[in-house]
Number of protein chains: 2
Amino acid sequence: MNRPTKGSFVALIFLLCLVVAGPGHAQTDALPSWNEGAAKTAITGFVSRTTQEGGADYVKPAERIAVFDNDGTLWSEQPIYFQLAFALDRAKAMAPEHPEWNDAEPFRSLLAGDVKGVLASGEKGLGEIMAVTHTGMTTDAFAGTVREWMATARHPKFNRPYSELIFQPMVELLGYLRANGFKTFIVSGGGVEFMRPWVEQAYGIPPEQVVGSSGVVTYELGPDDKPVLKKEAKVEFVDDGPGKPVGINRFIGRRPVFAAGNSDGDLQMLQWTTLNDGPRFALIVHHTDAEREWAYDRQSHIGKLDKALDEAPRRGWLVVDMKTDWKVIYPAKQ
Amino acid sequence: MNRPTKGSFVALIFLLCLVVAGPGHAQTDALPSWNEGAAKTAITGFVSRTTQEGGADYVKPAERIAVFDNDGTLWSEQPIYFQLAFALDRAKAMAPEHPEWNDAEPFRSLLAGDVKGVLASGEKGLGEIMAVTHTGMTTDAFAGTVREWMATARHPKFNRPYSELIFQPMVELLGYLRANGFKTFIVSGGGVEFMRPWVEQAYGIPPEQVVGSSGVVTYELGPDDKPVLKKEAKVEFVDDGPGKPVGINRFIGRRPVFAAGNSDGDLQMLQWTTLNDGPRFALIVHHTDAEREWAYDRQSHIGKLDKALDEAPRRGWLVVDMKTDWKVIYPAKQ
């Protein structure tokens, strides 16, 4: 072995520093659950272009805002929205304290196990169930019931906790974007208080990056000097449809450069994100897999995808075909 | 020079790696504009305790949420709230397009340079000025007028841009907290759309970490396929007093461990932050310096500090005496 020169030592030290302290640029596949093809290439191409310093499409890290719908985009939403499943389960659990429910719809149907009857009660009946299960308690108490339900409830089709029915390819996409300096937000029609207790563990998205629908909350300082926030039976903000750009403006205050949705409720969010100068990206998760998940779009009562599907081609939005683009749907069982 | 051993080379490389890549733990003073004393020691003691892994008061990075009022806490608020100064200037600039204002209060007083007359028009008159200057345009257009005003307007007492009348000691405190893993948020009674265009440069706080009062905004996609958000003349949320814990819950979704305010409008935010288990910290900026800034508290119409000042001792809140605790008030002139 030759005696190394001073210069080669410095070079060696530098190299070792990169190995020890560097951010790790190993060429592993960040999206292993995505099949090779146009969808995956479109995503990685956009991320490459927008993160290449000096490139024409470079986006400064501070402007790398990525917004994701939740129901049907990050997790499943069939046969009923999971938050509604939570509400029905909660109402059943509360029933012993409410003997009057035995004689009043929609609770009578609910307690008889007749979910179709409950749904037939329409907006008014479902509104009553949402009110008794989502309001009248403190925000802390509500978060506790959400956590307990997430830990114990099982989805009827898959017999898994609801928080495991998240889309593995989308979880990878979130992580891939974050690894490339994007800040990931949920922008969902679902209740913000329902999502915050579990989304950090499921998606790596902290509570302060969750935008959702909300009810009025009031502050009280009791005689015991313990302040509480109480959830009132009054809707405050519906973060759906045209409410999504409004929610993005209110909570984030920047216009996103990346958006993902799955239904017409996301249409305005996709427009707001993409119909602007500079590099923009939008994708729609198209539920095409009746075997591994569900297949539905234009005629569905849940997650109806009709106008946004028509608009996608002329807007240049990527339509992800769940059946062909995704190797797996859900994370492997623990 | 002795021939170095292999072991000593490895040690050297490690040391150099720490120097090149380490987070930099040089013992420089992160709060140079704070005089040595009880206030500074209380702040650095809290940060040391809560960031010491394994310590009894350790707070996980994700929970290190720090909230700051803006008017009177991060910048001055005299002789009138700076957002009101913006509104008056804007109304004057808009006057040529509104000849009808010559005969109608509060605009007649405003155009005659009679600010006292304007203020005498009370909530109704000021509401009209706020409405014409803050609504009826797109969010982008409004942000543009805020930026232009910040670049051109000068404070009457100091003849400096308003964005330079920020408190240097508080800017250092924000940076010190962030360097220790805290996430810093503004939680202000001021308008969120008024703050977002300039707070990132002034305080290092990005738009998505600004909570404030807001008006209703609506989404529109015009025939030119350019979506806009329009600011409507309807108040949506007042982020003041009991509204501050509500705003914190809605926008951040975590309970802070650190809060700073200066008036009774911050009382509930300080309670919500501190009246809870675990290590908590609250401070009140007490305006005691009539020479370098202003001196006011219990009797002031702006930034009234009365109840919170009474509560501070029994809650253990730090009352910062601007005159004795701060070496300088504002950043040095550029």
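Above: the structure in question.
Residues numbered from 1 in each chain as written. Chains lettered and ligands numbered in written order. Predicted model: local features only at pLDDT ≥ 70, side-chain atom pairs only at ≥ 80, totals over all residues. Heavy atoms only, no water.

J.: Would you take a moment to explain the packing of helix α3 (residues 82-94) of chain A against helix α7 (residues 139-152) of chain A for this structure?
T.: Residues and elements named next belong to chain A. Between α3 and α7, the least distance of the axes is 11 Å, while the angle of their chain directions is 100 degrees. Relative to α7, α3 is oriented roughly perpendicular. Contact with α3, carried on its side by Phe 82, Ala 85, Phe 86, Asp 89 and Arg 90, involves Phe 142, Thr 145, Val 146 and Trp 149 of α7 and no other residues of that element. (Axes fitted to C-alpha atoms, helices over the stretch in contact; angles between N-to-C directions. Helix = DSSP H or I, 4+ residues; strand = E, 2+ residues; numbered from the N terminus. Parallel < 35°, antiparallel > 145°, perpendicular 65-115°, else oblique. Contact = heavy atoms within 4.5 Å.)

J.: So what exactly am I meant to see when it comes to the interface of chain A and chain B here?
T.: Interface extent is often summarised as the accessible area lost during association of the parts. Residue-level contacts link 44 residues of chain A with 44 residues of chain B. With both chains or domains summed, chain A and chain B bury close to 4,000 Å², and 57% of this area falls on carbon and sulfur atoms. For the pair chain A and chain B, the number of links is 10 salt bridges. Between Glu 208 of chain B and Lys 183 of chain A there is a salt bridge whose closest N-O contact spans 2.9 Å. (Buried area = accessible area lost by both parts, 1.4 Å probe. Salt bridge = Lys/Arg side-chain N within 4 Å of Asp/Glu carboxyl O.)

J.: Explain the relation of the copies chain A and chain B here, please?
T.: For these two chain copies, the linking operation is a rotation about an axis paired with a shift along it. Laying chain A over chain B is done by rotating through 180 degrees and shifting 0.0 Å along the axis; what remains is an RMSD of 0.0 Å. Taken together, the rotation angle and the small translation identify this as a two-fold axis. Of the residues that chain A buries at the interface, 98% are likewise interface residues in chain B, meaning the two copies contact each other through the same surface. (Least-squares fit on C-alpha atoms with pLDDT ≥ 70 in both.)

J.: Can you help me understand the nonpolar core in this one?
T.: Nonpolar side chains in soluble globular proteins generally cluster together in the buried interior. Core analysis: the biggest nonpolar cluster contains 69 residues, and Phe 68, Met 170, Leu 173, Trp 198, Tyr 203, Phe 258 and Leu 283 of chain B have the highest contact counts within it. It is helix α3 (residues 82-94) of chain B that provides the largest number of residues to this core, a total of 8 residues. Not counting residues up to four positions away in its chain, the partners in contact with Phe 258 of chain B are Phe 46, Ile 65, Ala 66, Val 67, Phe 68, Leu 173, Leu 177, Thr 273, Phe 281 and Leu 283 of chain B. Core analysis: the next-biggest nonpolar cluster, separate from the first, contains 68 residues, Phe 68, Trp 101, Leu 165 and Val 320 of chain A among them. (Core = buried A, V, L, I, M, F, W, Y, C linked by side-chain atoms within 4.5 Å. Buried < 20%, exposed > 50% of the residue type's maximum accessible area, 1.4 Å probe, protein only.)

J.: What should I look at first to understand the packing of helix α7 (residues 139-152) of chain B against helix α9 (residues 192-203) of chain B in this one?
T.: When two helices pack together, their arrangement is given by the angle between their axes and by how far apart the axes lie. All names here are of chain B. Between α7 and α9, the shortest axis-to-axis distance is 9 Å and the interhelical angle comes to 60 degrees. As far as their axial angle goes, α9 and α7 are oblique. Here α7 runs over α9; the crossing is right-handed. Between α7 and α9, the contacting residues are Thr 139, Phe 142, Ala 143, Val 146, Arg 147, Trp 149 and Met 150 on the first element and Glu 193, Phe 194, Pro 197 and Trp 198 on the second. Residues that form the contact of α7 with α9 fall into these classes: 8 nonpolar, 1 polar and 2 charged. (Left-handed = near helix turned anticlockwise from the far one by under 90°. Nonpolar A, V, L, I, M, F, W, Y, C, P; charged D, E, K, R; others polar.)

J.: Would you take a moment to explain the sheet that holds strand β2 (residues 183-191) of chain A for this structure?
T.: Adjacent strands of a sheet pair through backbone hydrogen bonds, lying either parallel or antiparallel. Residues and elements named next belong to chain A. Judged by pairing direction, the sheet is mixed, and its 7 strands sit side by side in the order β4-β3-β2-β1-β5-β6-β7 without closing on themselves. Strands at the two margins of the open sheet, each flanked by one partner only, are β4 (227-237) and β7 (318-321). Within this sheet the neighbouring strands show an average axis-to-axis angle of 35 degrees, counted without direction. Examined bridge by bridge, strand β1 (residues 65-68) and strand β5 (residues 258-261) share 3 bridges and lie parallel to one another. Paired with Val 67 across the two strands is Ala 259, which belongs to β5. Sheet strands touched by helix α10 (residues 243-251): β1, β2, β3 (210-221) and β4. Its angle to β4, the strand with the most contacts, is close to 150 degrees. (Pairing = 2+ DSSP bridges.)

J.: Looking at this model, I keep getting lost on the sheet that holds strand β7 (residues 318-321) of chain B. Mind explaining?
T.: Residues and elements named next belong to chain B. If you trace the 7 strands from one edge of the open sheet to the other, you get β4-β3-β2-β1-β5-β6-β7, paired in mixed fashion. Two strands bound the open sheet, and with one partner strand each, they are β4 (227-237) and β7. Averaged over all pairs of adjacent strands, the angle between their axes in this sheet comes to 35 degrees, without regard to strand direction. Where strand β2 (residues 183-191) meets strand β3 (residues 210-221), 3 bridges bridge the pair, whose relative direction is parallel. Note on β3: the bridge partner recorded for Gly 191 is Ser 213.

J.: What's the story with the pairing of strand β6 (residues 281-286) of chain B in this structure? I'm lost.
T.: Along a regular strand, successive side chains alternate from one face of the sheet to the other. All names here are of chain B. Most of β6 is tucked away: 6 of the 6 residues are buried. Residues of β6 alternate between two faces, with Phe 281, Leu 283 and Val 285 on one and Ala 282, Ile 284 and His 286 on the opposite face, all of them buried. Considered for its hand, the β-α-β crossover made up of strand β5 (residues 258-261), helix α11 (residues 267-274) and β6 is right-handed. The pairing of β6 with β7 spans 4 bridges and is classified as parallel. Residue pairing in the sheet places Ile 284 in a bridge with Val 319 of β7. (Right-handed = clockwise from strand over helix to strand, strands pointing away.)

J.: Any chance you could explain the pairing of β3 of chain A here in plain terms?
T.: Residue and element names in this part refer to chain A. Sheet topology note: the β3/β4 ladder contains 7 bridges and is antiparallel. When the sheet's bridge partners are listed, Ser 214 is paired in β4 with Phe 237. Hairpin connection, β3 to β4: the antiparallel pair is bridged by 5 residues, and Asp 225 has positive phi, about 65 degrees.

Shape descriptors only; they carry no functional weight alone.
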